[in-house]
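Coordinate analysis (summary)
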Amino acid sequence: MAEKPKNVKARGKGFYVAMYSALGGLLVLAVAIGYYSLIGTGSGDDSGFNTAEITLPVGGTQDVPVVQVPTQTTPSVPQNTTPQRDDNGTIQSGVPQEPEVPPSTAPQTEPQQGEQPTAYEPDIAQEAEFVPYEEALVPSGPSFTAFNTGDDMHWPILGEIVMDFSPESHIFDITMDQWRTNDSISIRASRGDAVRAAASGVVMEVTPTARDGHTVVINHGNGWLTTYRQLDAESVVAIGDVVSRGQIIGNVGAPSIFTAALGYHVGFNVQNDGTAINPHSILSTTN
């Protein structure tokens, strides 16, 4: 009997190795194809996957098949391709646009067109400078010549003194039927007679009172004030009026119930820095 060649056994073993290697390669290929069919077909698909070529060993020194295995990359953000119109109104399809940004909901710090500013504007409304009462009533300009000590005053009205000046000793008050002091003089008059300013100045008060009737106070400057009582309510001067010496400031009115026994008259008071001055010492003798 003929003897078997020695390389037959070796060839049989190589056959099995090659067969199992091929089966293994086919199995790997089948797995790759199945995986590929599940996740997409590569760069042409919208899934955002790209393919890369890798080599898988099949076995031995045989040629190695090339298999494309998908590799996942970060999906790109599609641009806004809303059509745009050109200057002629023609639609330009596919022209990329910037994404529309919603308007800000933050509070506005400046007024929009047509709105009025609500914030406070210092150039529109400013604090008024405080001015003392008497200073506000005395004009700053040379509207009148201030009265000085040593000057004389004009008689407010000419007539008999029916109640004299007596600030320290008591004098009898016929209307009230009592003795009392008196810081002014009462000059008899007729109803409606004109009452004149004793000196130039500015009207500081025009006040109706129950005791003294309608009363006018004039500031003559340098601390000098004159007061005119028992006037008619229809006074011709008002607060802030600048008057000159001898100017009519009102008319004689009906006496109040506190001076009714004196008849129609004018009560006249003079003060300097708050102290009552005897009118006889300052009224003109010539008027």
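Residues numbered from 1 in each chain as written. Predicted model: local features only at pLDDT ≥ 70, side-chain atom pairs only at ≥ 80, totals over all residues. Heavy atoms only, no water.

**Observations regarding the overall build of the chain**
Tallying secondary structure elements over the chain gives two helices and 16 strands in all. Counting only carbon and sulfur atoms, one obtains 54% of the accessible surface of the chain, whose full area is about 19700 Å². (Helix = DSSP H or I, 4+ residues; strand = E, 2+ residues; numbered from the N terminus. Areas by Shrake-Rupley, 256 points an atom, 1.4 Å probe, with all protein chains shown as cover.)

**Observations regarding the pattern of salt bridges**
The tally for this structure, following the rule as stated, stands at four salt bridges. The closest approach of N and O atoms between Asp152 and Arg245, which form a salt bridge, is 3.5 Å. Of this pair, Asp152 sits in the loop between α2 (133–137) and β5 (161–163) while Arg245 sits in the loop between β13 (242–243) and β14 (248–251); the two residues are 93 residues apart in sequence, bridging distant segments of the chain. Close ionic contact of Asp173 with Arg180 constitutes a salt bridge, the shortest N to O distance being 2.7 Å. The class for Asp173 is buried, based on a relative accessible area of 2%. (Salt bridge = Lys/Arg side-chain N within 4 Å of Asp/Glu carboxyl O. Buried < 20%, exposed > 50% of the residue type's maximum accessible area, 1.4 Å probe, protein only.)

**Looking at the nonpolar core**
The nonpolar side chains of a soluble globular protein tend to be buried with one another. Counting residues in each nonpolar core, the largest one holds 27 residues, and the members touching the most others are Met153, Tyr228 and Ile249. When near neighbours in sequence (up to four residues on either side) are disregarded, Ile249 contacts Val195, Arg196, Ala197, Val216, Ile218, Tyr228, Ser235, Val236, Val237 and Val243. (Core = buried A, V, L, I, M, F, W, Y, C linked by side-chain atoms within 4.5 Å. Contact = heavy atoms within 4.5 Å.)

**Quick notes on the environment of Gly250**
Inspection of the secondary structure assignment puts Gly250 in strand β14. When the C-alpha positions of Gly250 and Asp232 are compared, they lie 6.9 Å apart, and in sequence the two are 18 residues distant. If we skip the residues at most four places from it in the chain, Gly250 touches Asp193, Ala194, Val195, Ser235 and Val236.

**Some details on the pairing of strand β10 (residues 201–209)**
Here is the key point about a regular strand: its side chains alternate between the two faces of the sheet. Pairing geometry for β10 and β13, over two bridges, is antiparallel. Opposite Val202, over in β13, you have Val242 as the bridge partner. Judged from the seven bridges that link them, β10 and strand β11 (residues 213–221) form a sheet pairing that is antiparallel. Paired with Thr207 across the bridge in β11 is Thr215. Hairpin connection from β10 to β11: three residues lie between these consecutive antiparallel strands. (Pairing = 2+ DSSP bridges.)

**Some points on the environment of Arg211**
Here Arg211 is to be found in the loop between β10 and β11. Remark: the alpha-carbon pair of Arg211 and Ile257, spanning 46 residues in sequence, is separated by 7.3 Å. When neighbours within four sequence positions are excluded, Arg211 is seen to be in contact with Arg180, Gln230, Ser256, Phe258 and Thr259.

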